[in-house]
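# Descriptive structure summary
Okay, here's what each chain looks like letter by letter:
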Amino acid sequence: SVVTTVLSELCQRAAVRHVRAEEAVRREAARAAEQVEKAAAAAAKRAAAEERARRVEAEKEEARVKRQQEKAAREAERAREAALKHMRGVKAAAERRAVYV
């Protein structure tokens, strides 16, 4: 009958709409998952870059401290040598004075 045919057609249309809606939901979920993966990958990349930058800065700071320590050691050695030279001069002058006494 006509009513049965119309009802059958309406049911088929509803089923098709339902299938399409489910497919759309699946596509949207897949798109969202892809965006989450991309965001996570970008965050990991940023974190790695920041860690590299921190490591480089730490290495630069270590090198700077080492240069300062080396400079201080050179200056201390120069001061020690200057003090020894001065003391040798003082001793020599005292010996010269002793000779003339």
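Here, every reference points to the structure presented above.
Only a predicted model underlies this, so the values are computations on that prediction, with no experimental measurement involved.

### Examining a nonpolar patch on the surface
A surface patch of nonpolar side chains, about 470 Å² in accessible area, is lined by V2, V3, V6, L7 and L10. Overall, the relative accessible area of 48% leaves L7 in the partly exposed class.

### As for the pattern of salt bridges
Tallied over the full model, the rule gives eight salt bridges. Its salt-bridge partner being R13, residue E9 comes within 2.6 Å of it at the nearest N-O pair. Here E9 and its partner R13 are both found in helix α1 (residues 2–100), four residues apart, which amounts to about one turn of the helix. With a relative accessible area of 39%, E9 lands in the partly exposed category.

### Focus on the environment of A94
By secondary structure assignment, the location of A94 is in helix α1. Here A94 falls in the partly exposed class, since its relative accessible area comes to 35%. For A94 and E61, which are 33 residues apart along the polypeptide, the C-alpha to C-alpha distance reads 49 Å.

Here is what the cut-offs are and how they apply
Residues numbered from 1 in each chain as written. Predicted model: local features only at pLDDT ≥ 70, side-chain atom pairs only at ≥ 80, totals over all residues. Heavy atoms only, no water. Patch = residues over 30% accessible without salt bridge, like charges linked within 9 Å, V, L, I, M, F, W, Y side chains within 5 Å. Areas by Shrake-Rupley, 256 points an atom, 1.4 Å probe, with all protein chains shown as cover. Salt bridge = Lys/Arg side-chain N within 4 Å of Asp/Glu carboxyl O. Buried < 20%, exposed > 50% of the residue type's maximum accessible area, 1.4 Å probe, protein only. Helix = DSSP H or I, 4+ residues; strand = E, 2+ residues; numbered from the N terminus.

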